[in-house]
Amino acid sequence: MTLVAAVQMVSTPDVSENLATAARLLQDAAGRGARLVTLPEYWPIMGMRDADKVAQAEQAGDGPIQRFMAQAAREHGIWLIGGTLPLVSGEPGKVLNTTLVYDPQGKQVSRYDKIHLFGFTKGSESYNESATIVPGEAVGTFEAPFGRVGLSVCYDLRFPELYRAMGECALIVVPAAFTHTTGMAHWEVLLRARAIENQCYVLASAQGGTHKNGRRTFGHSMLIDPWGEVKAVLREGEGVVAGDIDAAVLASVRESLPALKHRKL
């Protein structure tokens, strides 16, 4: 078995403050024995305006946020999935919303640029990620010691075809900043559906509270097993949720109900 953990934050507009919070929570996760840890979407900055992240965008390969993640992975000897950070894009005024993965030596081993960009309007609540983000184009996975890990971010959760394109995974991760409105309606049921239909573990790391910009995120970071059972959950606030990836459970579910082998399309 392998212990994995999801960090939940309530990120602020202050990058240095968020780095300090992440450092403390990563230490907590590693202290529990976690071998793989994921941070939430937008963990380095939740600005007062959507455009604030553009000013903090880093060039791929170097920058204070990337150096922090590499050092944290190396210091704790963990596989670190870095939620998302803003990377410079080819379009002025826009960034890539990017997941970077570091191995226990602090080497970057995988990258995924969020493909599906969130858009939502209900009354006075409105979001349009495409105004400041360029969508990614490629599916992201990497090989961990316990099997393949599929990378996705937040709104991707609503598009099951992305997960099929990953191939057979032992674990799918979902760093997110789900709104409270959509989270109450759909977060858990979608996460459980992705675990059930792909017969794998799902580890979701969320933003979870009311931010300084007034946005309220849903939280409920959780680990779900291949049968769709929620094994651990953190409802609100900062913290860590952890649980085991059990190869025996994975094999048992796929053997008793070989749905992945029964696919026709």
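Structural data are supplied above this passage.
Here's what I pulled together on the structure shown here. The model shown is predicted, which means the values in this text are computed figures rather than measured ones.

Let's shift gears to empty space enclosed by the protein. Counting across every chain of the model gives 2 cavities of 30 Å³ or more. Considering only enclosed or pocket space, the largest cavity measures out at about 40 Å³ in volume. In terms of lining residues, the largest cavity is bounded by Tyr42, Ile45, Lys53, Leu85, Pro86, Val95, Leu96, Asn97 and Ile133. If you list the elements that add at least two residues to the lining of the largest cavity, you get strand E4 (85-88) and strand E5 (95-102). The greatest single-element share of the lining of the largest cavity, amounting to 3 residues, is contributed by E5. Within the lining of the largest cavity, the residues separate by chemical class into 7 nonpolar, 1 polar and 1 charged. Taken as a whole, the second largest cavity spans an internal volume of roughly 40 Å³. The wall of the second largest cavity is formed by Phe118, Cys154, Tyr155, Ala177, Phe178, Thr179, Thr182 and Arg215. For the lining of the second largest cavity, a count of residues per class yields 5 nonpolar, 2 polar and 1 charged.

What follows deals with the packing of aromatic side chains. Evaluation of the coordinates by the stated rule reveals 6 aromatic pairs. Relative to Phe68, the ring of Trp43 lies with its centre 5.6 Å away and its plane at 40°, an arrangement referred to as tilted. Of the two residues, Trp43 is situated in the loop between strand E2 (36-38) and helix H2 (52-55) and Phe68 in helix H3 (residues 64-76); the sequence distance between them amounts to 25 residues. Judged on exposure class, the residue Trp43 and its partner Phe68 are both buried. Between Phe118 and Tyr155 the ring centres are 5.3 Å apart and the planes differ by 65°, which places this aromatic pair in the edge-to-face class. Here Phe118, found in the loop between strand E6 (108-113) and strand E7 (119-122), pairs with Tyr155, found in the loop between strand E10 (147-151) and helix H4 (160-164); they are 37 residues apart in sequence, far enough to count as distant. The residues Phe118 and Tyr155 share a single accessibility class, namely buried. A network of ring pairs unites the aromatic residues Phe118, Phe120, Tyr155 and Phe159 as a single cluster.

This brings us to the environment of Ala242. Structurally, the position occupied by Ala242 is in strand E15 (residues 239-245). When its relative accessible area of 26% is taken as the criterion, Ala242 is described as partly exposed. Along the sequence, Ala242 and Lys231 sit 11 residues apart, while their C-alpha atoms lie 8.8 Å from each other. Excluding its chain neighbours within four sequence positions, the residues that come into contact with Ala242 are Leu3, Val4, Ala5 and Ala232.

The next thing to look at is the sheet that holds strand E12 (residues 201-206). Taking strand neighbours across the sheet as the criterion, the 6 strands line up as E9-E10-E11-E12-E13-E14 in an open arrangement whose pairing is mixed. Since the sheet does not close on itself, it has two edges, and those belong to strand E9 (140-144) and strand E14 (230-234), each with one partner. When strand polarity is set aside, the average angle formed by the axes of neighbouring strands in this sheet is 15°. Of the pairings in the sheet, the one linking strand E13 (residues 221-224) to E14 comprises 4 bridges and is antiparallel in character. Bridging from a neighbouring strand, Met222 pairs with Val233 of E14.

Take the pattern of salt bridges next. Using the criterion set out here, one finds 15 salt bridges in the structure. With its nearest N and O atoms 3.7 Å apart, the salt bridge here joins Lys231 to Glu229. A relative accessible area of 42% places Glu229 in the partly exposed class. Through salt bridges that share partners, Glu41, Lys114 and Glu129 make up one connected network.

Rules used throughout
- Residues numbered from 1 in each chain as written.
- Predicted model: local features only at pLDDT ≥ 70, side-chain atom pairs only at ≥ 80, totals over all residues.
- Heavy atoms only, no water.
- 1 Å grid on protein atoms, 1.4 Å probe; cavity = no way out; pocket = protein on both sides within 12 Å on 5 of 7 lines; lining within 4 Å.
- Points joined across faces, edges and corners; volume = space filled by probe spheres on them.
- Helix = DSSP H or I, 4+ residues; strand = E, 2+ residues; numbered from the N terminus.
- Nonpolar A, V, L, I, M, F, W, Y, C, P; charged D, E, K, R; others polar.
- Phe/Tyr/Trp six-rings, centres within 6.5 Å; stacked < 30°, edge-to-face > 60°.
- Buried < 20%, exposed > 50% of the residue type's maximum accessible area, 1.4 Å probe, protein only.
- Contact = heavy atoms within 4.5 Å.
- Pairing = 2+ DSSP bridges.
- Axes fitted to C-alpha atoms, helices over the stretch in contact; angles between N-to-C directions.
- Salt bridge = Lys/Arg side-chain N within 4 Å of Asp/Glu carboxyl O.

These values are about where atoms sit, not about what they do.
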